[in-house]
Amino acid sequence: MSLLRSRLKKGADALDKRPQLAAALRRAKQLGAHIAVSKLDRLSRDVHFISGLMTKRVPFTLAKAKQRGVVLGNPNVGKMNTEAAAARDAKLKPVLEAMRGKPYREIAEGLTSRNIPTPRGGDAWNAMSVMRAMKRLRIAGK
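Everything in this summary refers to the structure shown in the same document. Think of each chain on its own: its residues are numbered from 1, step by step along the sequence as written. Local features in this predicted model are restricted to residues of pLDDT 70 or higher, and side-chain atom pairs are both shown and tallied only at a pLDDT of 80 or more, whereas totals for entire chains, interfaces and linings draw on every residue. Only hydrogens and water are removed before side-chain values are computed, so all heavy atoms of the structure are retained for them.

1. Points about the pattern of salt bridges
Inference 1: Each salt bridge in this description consists of a side-chain nitrogen of Lys or Arg and a carboxyl oxygen of Asp or Glu lying within 4 Å of one another. Going through the model one piece at a time under the given rule, you end up with three salt bridges.
Inference 2: Put simply, Asp89 and Arg136 hold a salt bridge, and the shortest N to O gap is 2.6 Å. With a gap of 47 residues between them, Asp89 in helix 5 (residues 77-98) and Arg136 in helix 7 (residues 127-136) connect regions that are remote in the sequence.
Inference 3: The residue Arg105 makes a salt bridge to Glu109 at a minimum N-O spacing of 3.3 Å. With Arg105 and Glu109 both in helix 6 (residues 104-113) and four residues apart, the pair spans about one turn of that helix. Only DSSP runs of H or I reaching four residues or more are called helices, and only runs of E reaching two or more are called strands; each is numbered from the N terminus.

2. With respect to the packing of helix 5 against helix 7
Inference 1: Packing of helix 5 against helix 7 brings their axes to within 10 Å, and their N-to-C directions diverge by 100°. Here helix 5 is positioned roughly perpendicular relative to helix 7, judged by the angle of their axes. Here Asp89, Leu92 and Leu96 of helix 5 come into contact with helix 7, specifically with Ala133, Met134 and Arg136.
Inference 2: Residues are grouped as follows: nonpolar covers Ala, Val, Leu, Ile, Met, Phe, Trp, Tyr, Cys and Pro; charged covers Asp, Glu, Lys and Arg; every other residue, Gly included, is treated as polar. Residue composition of the contact of helix 5 with helix 7, grouped by class: four nonpolar, no polar and two charged. Between the N-to-C directions of two axes lies an angle of 0 to 180 degrees, each axis being a line fitted to C-alpha atoms and, for a helix, fitted only over the stretch in contact. Any angle that falls under 35 degrees is termed roughly parallel, while one over 145 is termed roughly antiparallel, one within 65 to 115 roughly perpendicular, and all others oblique. In what follows, residue pairs with any heavy atoms lying within 4.5 Å of each other are defined as contacts.

3. With respect to the side chain of Asp89
Inference 1: Take Asp89: its relative accessible area is 5%, and that puts it in the buried class.
Inference 2: Side-chain atoms alone can form a polar contact between residues adjacent in sequence; in general such a contact is a pair of N or O atoms within 3.5 Å, and within protein one must be able to donate a hydrogen while the other accepts it. A polar contact is formed between the side chain of Asp89 and the side chain of Arg136, at a distance of 2.6 Å.
Inference 3: Leaving out residues up to four positions away in the same chain, Asp89 has contacts with Ala133, Arg136 and Leu137. When accessible area is computed with a 1.4 Å probe and restricted to protein chains, residues below 20% of their type maximum are described as buried, those above 50% as exposed, and intermediate ones as partly exposed.

4. What to know about helix 5
Inference 1: The end-to-end C-alpha distance of helix 5, which contains 22 residues, comes to 32 Å, matching closely the 32 Å that a straight helix rising 1.5 Å per residue would cover.
Inference 2: The principal kink in helix 5, of about 45°, is found at Leu92, preceding the proline Pro94 by one to four residues.
Inference 3: The complete set of buried residues in helix 5 reads Ala85, Asp89, Leu92, Val95 and Leu96.
Inference 4: Against the buried residues of helix 5 lie helix 6 and helix 7. Given the number of residues in a helix, its expected span is that number minus one, multiplied by 1.5 Å. Bend is computed residue by residue as the angle between axes fitted to the seven residues ending at the residue and the seven residues starting at it.

So this is what it looks like as structure tokens:
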């Protein structure tokens, strides 16, 4: 298997304005090869253009792999996220229990002032994040 490399410039989406893309598509068709794009937005940000390529039978390997039943990504991500949230919440539980009964906004300000990172790793808590954490931990709030 050989790999053809072509660097496409940003700009217009029409094939006639993108001669390198047109040439790469022709060459791939001659070789019966696939075109790999690191990020779809590098190819185009225009959905109409992408759908046009699809109607021209440009093979989109991931879609075909999915059709064959290939599992893409990590099937354990959901479980890993749940476990990470549970571990984070376990550390947070005593702090939240001490603030039980206060308004969520006030609790958020308290967590932020203590430099406790948010669930997504940020530095400023908000009332909604506090409410969700307390709900997961079954701690009543206001």
